[in-house]
Number of protein chains: 2
Amino acid sequence: MPVDYPREFQGFAITDPKDWDHPKLTSYEPKKFGPHDVDIEVECCGICATELFCLKNQWSSEPLACLSSAYGPKSQVVGHEVVGRVVAVGDDVTLCRKGERVGLGAQCSSCMACPRCHAHNEQYCAKSVATYCSRYEDGYVSQGGYASHVRAHEQFCFPIPAEIESQYVAPLMCGGLTVYSPIKRGIEGLENPHVGVIGIGGLGHMAIMIAKAMGAHVTAFSRSSKKRADAEKMGADAFVATGEQPNWSKDLFDGFDLLVNCASSTTQLDLDAFLSVLKVNKNFISVGLPEMDDKFVLSPLTFMGNGPCVGVSKLGSRQEAIELLQLAATRGFRPWVETIKISEAGVHEGLTRLDAGDVRYRFTLVGFHDFFGTGSS
Amino acid sequence: MPVDYPREFQGFAITDPKDWDHPKLTSYEPKKFGPHDVDIEVECCGICATELFCLKNQWSSEPLACLSSAYGPKSQVVGHEVVGRVVAVGDDVTLCRKGERVGLGAQCSSCMACPRCHAHNEQYCAKSVATYCSRYEDGYVSQGGYASHVRAHEQFCFPIPAEIESQYVAPLMCGGLTVYSPIKRGIEGLENPHVGVIGIGGLGHMAIMIAKAMGAHVTAFSRSSKKRADAEKMGADAFVATGEQPNWSKDLFDGFDLLVNCASSTTQLDLDAFLSVLKVNKNFISVGLPEMDDKFVLSPLTFMGNGPCVGVSKLGSRQEAIELLQLAATRGFRPWVETIKISEAGVHEGLTRLDAGDVRYRFTLVGFHDFFGTGSS
């Protein structure tokens, strides 16, 4: 049945976290169209690990937010690495035009009025709305990109350079931006910066490419040597198998301007060892998605040797998203993507394989036009 | 018995951590005199909480380092907020001259050759030697400033502006420098920076004065209102009693460019609340002295709202020590000091009162010339 746009969108939704891996094709009412809103007719969408936390409802002790939405569906569509064409723009939109190919990441709205929004930190706006599972002020709960269409504020719809195919753009919209922002903020203005990337998965593999493209000397850290060849192909200048090189932290003393932790758990890392390889007053920044009870446990005494800082980073700004896309266009790096055709079976396959760690290194769901009968506009 | 300088120094020493609060007058052999060494005839010396950790041997699972020194005393003199006159300089000394009044803080040596030493980060040199309880490369264990004389590398002997009386200089040499360095590094280049100081004790009271003298808007945080009047006299623009204002962190959202944690324990702080009042990508820096088993326990999820960093800072550089002394001279702030005449009884009183928290806000041991029969050189 074709999508009755703009009255409805279609997407793959769940209603019960127990059935997280079986999203079903569903029609639903979109959010009310605002003057700064943009409708994207989706062409493809990456699969991000955040989806697993949302669908399983692991970051909350409340029922799924959609079940208490003020209007719109009582079901949840995920997906926040969206690429597609603009098919409608609100009256006040100036950042996009109809027909343009744009990308949308994990954030779809912010207040646009606070100091953070004014300072290219809209991802930290207190009124930020995430692209799915997140409540707008009018009570609608946002619906994601495993769908025919997505509606978002223009600020979060990024123009895509013609050189990059959509399937490679998708993972950059959340994962890529999430690592780009702390790398940029961490090495800006440094000569010959040394960056360490911890954990060579979906995020880490992009962090290696991005840091390299930005001119850094990049060291990839993994527990074993299994991913050495991959990391080198991605552009790593050095590779450390922390589980196989007992003295690695002594050998690398004072070696890094920035560590980007892309590992999914911080609890299992030897943080003291990692902190000891930073230069003075440099940062260890975590971007991996933590379990709800994940902790940093740090002894102030053991890291007095170099005065480092431990922090987290969340997404990136519009400005950074545009810079990242330009960097990928001009420097030619591309995420390593396996494509899966969208359908109930395809969504199930992608989610369950990601959950099992069976991905090298990122999935993009494709074939949206064929499936939804869109793409002719 | 007068000090037989330069053959021997005299000081107040312990040999057993069980008897930490009864240092006894002792004569001892100084470290071998090197070409960059300076001898300071001590005039006064601050009492710093580090002394308690060292004397009680709480930061180590080994016996007191002095018991296994290659030469020199098998006893330990503490004290690293030293003020006195230079009475001897090594052949290669260029930074001090005989007769000059200088201050010495918690560090007495570093390699002077590594990248950290070359970049005004000698406090983080891997070969740093602390002013007491610390082993030199030749096996001597450093002896502190509750003494007639101290020997130190010229790099760590700072010229003192004539305007400041010695008893007020002493606490600046360790405690003052320890808070100056992270404040300077945290707010440099910012317009109208907002600094929060957590814990109004020996360190915190100087942090308030220093941040204020550097032009910051300063908020003092304490559990109760007991120290409100003191904090305001020190220069705090605002005061928050975290135990009495349940919504303090909501009221102060997005308010701070830097938090300096001067509280003695990090384990008891509501870190999530403190992190939430930082602006985006700003730092919470701990300088309070931790217990050996003290921990930061942080949930990555709960501080994704503003991407802050948590870190520690250790002492400061020579450059920063000189800046701090200039700041105190030109801006006129002075630590709040209670003086105690040096003697076995005086040292005992100072240490036990500090251990009991009975100090407003810093002790300086004075009267060294009278006690040791020095000061005529």
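Remember, predicted model here, so these are calculated numbers, not experimental data.

Points about the overall build of chain A
- Helices and strands together make up the secondary structure of chain A, namely 10 helices and 19 strands.
- What you see for chain A is a C-alpha radius of gyration of 20 Å, in line with the 21 Å of a compact globule of 377 residues.
- In terms of its C-alpha atoms, chain A occupies a principal-axis envelope of roughly 60 × 40 × 35 Å.
- Within the span of chain A, comprising 377 residues, buried residues form 60% of the whole.
- Of the contacts made within chain A by residues no fewer than 6 positions apart, 73% connect residues no fewer than 24 positions apart.
- Within the structure as shown, chain A displays about 14,300 Å² of accessible surface, and the carbon and sulfur contribution to it stands at 50%.
- A distance of 1 Å separates the average location of the 35 positive side-chain charges in chain A from that of its 44 negative side-chain charges.

A few points about the relation of the copies chain A and chain B
- When chain A is fitted to chain B, the residual RMSD is 0.0 Å, and the transformation amounts to a turn of 180 degrees plus an axial shift of 0.0 Å. Both chain copies can therefore be described as sitting about a two-fold axis.

Observations regarding helix α8 (residues 318-331) of chain A
All names here are of chain A.
- Across its 14 residues, α8 extends 20 Å between first and last C-alpha, which sits within 8% of the 20 Å expected from 1.5 Å per residue.
- Where α8 is buried, its residues contact β10 (157-159), α3 (166-187) and α4 (202-213).
- Just beyond α8, the residue with positive phi is G332, at close to 80 degrees.

Quick notes on α3 of chain A
Residues and elements named next belong to chain A.
- Maximum bend of α3: about 55 degrees, positioned at M173.
- The buried fraction of α3 amounts to 18 of the 22 residues, a majority that puts the element mostly inside the structure.
- Just downstream of α3 lies G189, where phi reads positive at about 85 degrees.

Some thoughts on the sheet that holds strand β1 (residues 9-14) of chain B
Residue and element names in this part refer to chain B.
- Across the sheet, which stays open at both edges, the 3 strands sit in the order β2-β1-β4 with antiparallel pairing between neighbours. Each edge of the open sheet carries a strand with a single partner, namely β2 (24-28) and β4 (76-77).
- One ladder, built from 5 bridges, connects β1 with β2; its direction is antiparallel. By the bridge assignment for β2, A13 is matched with K24.

Some details on the state of the cysteines
All names here are of chain A.
- Counted under the stated rule, the structure contains 2 disulfides over all chains.
- Paired by a disulfide, C54 and C133 hold their sulfur atoms 2.0 Å apart. Separated by 79 residues along the polypeptide, C54 in helix α1 (residues 50-55) and C133 in the loop between β8 (129-130) and β9 (149-153) bring together distant segments of the chain.
- Taking the relative accessible area as the measure of exposure, C54 reaches 11% and is therefore buried.
- Of all cysteine sulfurs, the one in C45 lies closest to C44, which takes part in no disulfide; the gap is 7.6 Å.
- On the accessibility criterion, C44 (2% relative accessible area) is buried.

So, the domain arrangement of chain A
Residue and element names in this part refer to chain A.
- Annotation of chain A at the domain level lists domain 1 (9-164 + 334-372) and domain 2 (186-312).
- One C-alpha centre belongs to domain 1, the other to domain 2; they are set 30 Å apart.
- Contact with domain 1, which involves 12 residues of that partner, is made by 15 residues of domain 2.
- Counting the surface lost from both domain 1 and domain 2, the interface buries some 1,200 Å², and carbon and sulfur atoms represent 68% of this.
- Summed over the three residues of domain 1 that lose the most area to domain 2, namely W59, W336 and Y361, the buried surface amounts to 51% of that side.
- Scanning the region where domain 1 abuts domain 2 turns up 0 salt bridges.
- Between domain 1 and domain 2 we count 2 residue pairs in polar contact (both at pLDDT 80 or more) in total.
- Across the side of domain 1 that touches domain 2, the residue classes tally to 6 nonpolar, 3 polar and 3 charged.

A short note on the side chain of K31 of chain B
Residue and element names in this part refer to chain B.
- With respect to the secondary-structure elements, K31 resides in the loop between β2 and β3 (37-47).
- A residue is classified by how much of its surface remains accessible, and K31, at 12% relative accessible area, is buried.
- In this structure the side chain of K31 is engaged in a polar contact, spanning 2.6 Å, whose partner is the side chain of D37.

Side note on unusual backbone geometry
- With an omega of 5 degrees, the peptide bond running from R360 of chain A to Y361 of chain A counts as cis.
- Relative to the helices and strands, Y361 of chain A is located in the loop between α9 (344-355) and β19 (362-366).
- Phi is positive for C133 of chain A, which is not a glycine, with a value near 65 degrees.
- C133 of chain A sits in the partly exposed class, given a relative accessible area of 26%.
- With a phi angle near 65 degrees, D254 of chain B is a residue other than glycine that sits in the positive phi range.
- Tracing the backbone through its elements, the reader meets D254 of chain B in the loop between α6 (248-251) and β14 (256-261).
- Using a relative accessible area of 17% as the deciding quantity, one classes D254 of chain B as buried.

Re the interface of chain A and chain B
- Taken together, the contact pairs 39 residues of chain A with 38 residues of chain B.
- Note on chain A versus chain B: buried area summed over both sides is about 3,300 Å², and carbon and sulfur give 66% of it.
- Considering only the surface of chain A that becomes buried against chain B, R116, M304 and V312 of chain A emerge as the three largest contributors, covering 20% of it.
- Between the two partners, chain A and chain B, sit 2 salt bridges.
- A salt bridge links D254 of chain B to R116 of chain A; the nearest nitrogen and oxygen atoms lie 2.7 Å apart.
- Where chain A packs against chain B, one counts 9 residue pairs in polar contact (both at pLDDT 80 or more).
- Those elements that place two or more of their residues in the side of chain A that touches chain B are α2 (115-118), β15 (278-286), β16 (296-298) and β17 (309-312) of chain A.
- At 6 residues, β15 of chain A tops the list of elements feeding residues into the side of chain A that touches chain B.
- Split by residue class, the side of chain A that touches chain B holds 21 nonpolar, 10 polar and 8 charged.
- In the sheet, β17 of chain A pairs with strand β17 (residues 309-312) of chain B via 3 bridges, with the strands oriented antiparallel. Bridge pairing in β17 of chain B places C309 of chain A opposite G311 of chain B.

Thresholds applied
- Residues numbered from 1 in each chain as written.
- Chains lettered and ligands numbered in written order.
- Predicted model: local features only at pLDDT ≥ 70, side-chain atom pairs only at ≥ 80, totals over all residues.
- Heavy atoms only, no water.
- Helix = DSSP H or I, 4+ residues; strand = E, 2+ residues; numbered from the N terminus.
- Rg over C-alpha atoms; globule rule 2.2 N^0.38 Å.
- Buried < 20%, exposed > 50% of the residue type's maximum accessible area, 1.4 Å probe, protein only.
- Contact = heavy atoms within 4.5 Å.
- Areas by Shrake-Rupley, 256 points an atom, 1.4 Å probe, with all protein chains shown as cover.
- Lys, Arg positive; Asp, Glu negative; His and termini not counted.
- Charge placed at Lys NZ, Arg CZ, Asp CG, Glu CD.
- Least-squares fit on C-alpha atoms with pLDDT ≥ 70 in both.
- Expected span 1.5 Å × (residues − 1).
- Bend = angle between axes of the 7 residues up to and from the residue.
- Pairing = 2+ DSSP bridges.
- Disulfide = S-S within 2.5 Å.
- Domains from an automatic or database assignment.
- Buried area = accessible area lost by both parts, 1.4 Å probe.
- Salt bridge = Lys/Arg side-chain N within 4 Å of Asp/Glu carboxyl O.
- Polar contact = N/O pair within 3.5 Å; in protein donor to acceptor, adjacent residues only side chain to side chain.
- Nonpolar A, V, L, I, M, F, W, Y, C, P; charged D, E, K, R; others polar.

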